[in-house]
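# Residue-level structural notes
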Amino acid sequence: MKNNHSSYYRNVPGGSGINPNIRGEMVAVTLDDMVDTGSRTQRRWALKELRKLAREALRETRKSVGRSA
């Protein structure tokens, strides 16, 4: 398996017990999968990230609507 040296794999909360995957050999897991099957800490972190993504999508939508008006 090819090593993935992307910084996204290291973007996990410190001290949460989530493996930061510093070797880059793990398979990426979607946030929805983490909410369904993760530990309590992983579920809470994934829900927080999903809320962030929803807020960002809403901001982008509002920006695009403001430009077209």
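Residues numbered from 1 in each chain as written. Predicted model: local features only at pLDDT ≥ 70, side-chain atom pairs only at ≥ 80, totals over all residues. Heavy atoms only, no water.

### Notes on the overall build of the protein
Heads up, the condition is: Only runs of H or I of at least four residues qualify as helices and only runs of E of at least two qualify as strands under DSSP, and these elements are numbered from the N terminus. Each residue is assigned to one of three classes by its accessible area relative to the maximum for its type, calculated with a 1.4 Å probe on protein chains only: buried under 20%, partly exposed between the two thresholds, exposed over 50%. Note on contacts: a residue pair qualifies if any of its non-hydrogen atoms lie within 4.5 Å across the two residues. Note on areas: these come from Shrake-Rupley sampling with a 1.4 Å probe, and a residue is covered only by the protein chains present in the view.
In terms of helices and strands, the protein carries two helices and zero strands. Burial status across the protein gives 14% buried among its 69 residues. Relative to all contacts within the protein whose residues are 6 or more apart in sequence, the contacts with residues 24 or more apart total 22%. As displayed, the protein has an accessible area near 5800 Å², and 52% of this comes from carbon and sulfur atoms.

### Brief notes about the pattern of salt bridges
We apply this condition: For this analysis, a salt bridge means a side-chain nitrogen from Lys or Arg found within 4 Å of a carboxyl oxygen belonging to Asp or Glu.
In total, this model carries two salt bridges according to the counting rule given. For Glu49, the salt bridge identified is with Lys52, shortest N-O distance 3.3 Å. Separated by three residues within a single helix, Glu49 and Lys52 lie in helix H2 (residues 40-68), roughly one turn from each other. The partly exposed category is assigned to Lys52, whose relative accessible area is 32%. Measuring nitrogen to oxygen at the nearest pair gives 4.0 Å for the salt bridge that ties Glu60 to Lys63. You can see Glu60 and its partner Lys63 sitting in helix H2, three residues apart, about one turn around the helix. Residue Glu60 is classed as partly exposed on the basis of its relative accessible area, which comes to 47%. Of the residues examined, Lys63 reaches a relative accessible area of 45% and is grouped as partly exposed.

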